[in-house]
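Fold and contact review
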Amino acid sequence: MRETLILLPGWGLNGAVLQPLAEALGDELQVQIAELPALTSVSVPDWLDELDARLPGDCWLAGWSLGGMLAAALAARRGERCRGLIGLASNARFVSSDAWPQAMPADTYATFYEGCAHNAGATLRRFAMLCA
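Analysis parameters
Residues numbered from 1 in each chain as written. Predicted model: local features only at pLDDT ≥ 70, side-chain atom pairs only at ≥ 80, totals over all residues. Heavy atoms only, no water. pLDDT = per-residue confidence, 0-100. Helix = DSSP H or I, 4+ residues; strand = E, 2+ residues; numbered from the N terminus. Core = buried A, V, L, I, M, F, W, Y, C linked by side-chain atoms within 4.5 Å. Buried < 20%, exposed > 50% of the residue type's maximum accessible area, 1.4 Å probe, protein only. Contact = heavy atoms within 4.5 Å. Axes fitted to C-alpha atoms, helices over the stretch in contact; angles between N-to-C directions. Parallel < 35°, antiparallel > 145°, perpendicular 65-115°, else oblique. Nonpolar A, V, L, I, M, F, W, Y, C, P; charged D, E, K, R; others polar. Pairing = 2+ DSSP bridges. Right-handed = clockwise from strand over helix to strand, strands pointing away. Expected span 1.5 Å × (residues − 1).

**Focus: the confidence of the model for the protein chain**
On average, residues of the protein chain carry a pLDDT of 89, and 99% of them reach 70 or more. Predicted confidence in the protein chain is weakest over helix H4 (residues 106–131), with a mean pLDDT of 83, and strongest over strand E1 (residues 4–8), with 97.

**Some details on the nonpolar core**
In terms of nonpolar packing, the biggest core is built from 16 residues, with Ile 6, Leu 8, Leu 51, Leu 55, Leu 61, Leu 70 and Leu 74 touching the most fellow members. Only E1, helix H2 (44–54), strand E3 (59–64) and helix H3 (66–78) provide two or more residues apiece to this core. Residue contacts for Leu 74: discarding those within four places in its chain leaves Leu 48, Leu 51, Asp 52, Leu 55 and Leu 61. Judged by nonpolar contacts, the second largest core, of seven residues, contains Leu 5, Ala 22, Ala 62 and Trp 64.

**Let's talk about unusual backbone geometry**
Despite not being glycine, Ser 65 shows a phi value in the positive range, around 55°. The topology assignment puts Ser 65 in the loop between E3 and H3. The exposure class of Ser 65 is buried, given its relative accessible area of 19%. Non-glycine residue Ala 89 carries a positive phi angle of around 50°. Examined against the element boundaries, Ala 89 turns out to sit in the loop between strand E4 (82–88) and H4.

**Things to note about the packing of H2 against H3**
Running from N to C, H2 and H3 point in directions that differ by 70°, and their axes come no closer than 10 Å. Compared by their axis directions, H2 and H3 come out roughly perpendicular. Contacts between H2 and H3 involve Val 44, Pro 45, Trp 47, Leu 48, Asp 49, Leu 51 and Asp 52 from the first element and Leu 70, Ala 73, Leu 74, Arg 77 and Arg 78 from the second. Split by residue class, the contact of H2 with H3 holds eight nonpolar, no polar and four charged.

**What to know about the pairing of E3**
Most of E3 sits out of view: five of its six residues are buried. Pairing of E1 with E3 involves four bridges; the strand directions are parallel. Residue pairing in the sheet places Ile 6 in a bridge with Leu 61 of E3. Of the strand pairs in this sheet, E3 and E4 are connected by six bridges, and their pairing is parallel. In the strand pairing of E4, Ala 62 is matched with Ile 86. Once the chain exits E3 it traverses H3 before rejoining the sheet at E4, and the crossover so formed is right-handed.

**Section: the environment of Ala 71**
Tracing the sequence through the fold places Ala 71 in helix H3. For Ala 71 and Val 42, which are 29 residues apart along the polypeptide, the C-alpha to C-alpha distance reads 17 Å. Residues within four places of Ala 71 in sequence aside, it is in contact with Leu 8, Leu 61, Ala 62, Gly 63 and Leu 85.

**Section: H3**
It helps to recall that an α-helix has 3.6 residues per turn; residues three or four apart then point in one direction. A rise of 1.5 Å per residue sets the reference length of H3, with its 13 residues, at 18 Å; its end C-alpha atoms lie 18 Å apart and thus fit the reference within 8%. Taken together, the buried residues of H3 touch E1, H2, E3 and E4. Looking one or two residues beyond H3, the residue adopting positive phi is Gly 79, at roughly 60°.

Below is the structure:
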């Protein structure tokens, strides 16, 4: 039996962006693209509860951007029940700090957050263009 790899997309883009990767790995692994939880709550533990209940156990977890951050948190939660973790353009934090300067500068994040609050649709389109 082939091992299972779950791919989690990033914020703002659905799993279709990971389809070419899933197809490329499909001969070696059973690959499933999972959607992110509905981000109607600001509670990351709620998101992890949903993913943990919905995704198969004893699988590899991989995620792009926010999906990678959630995959890492879920892998930590699952411990030995997770086969392994792969991060794709993901980081341990979204916003930089003195302890983690590699993340997005706080002023860039604040501008992005403000854009989402004022016009989420336009901000999402701009984000998608930046990703492309």
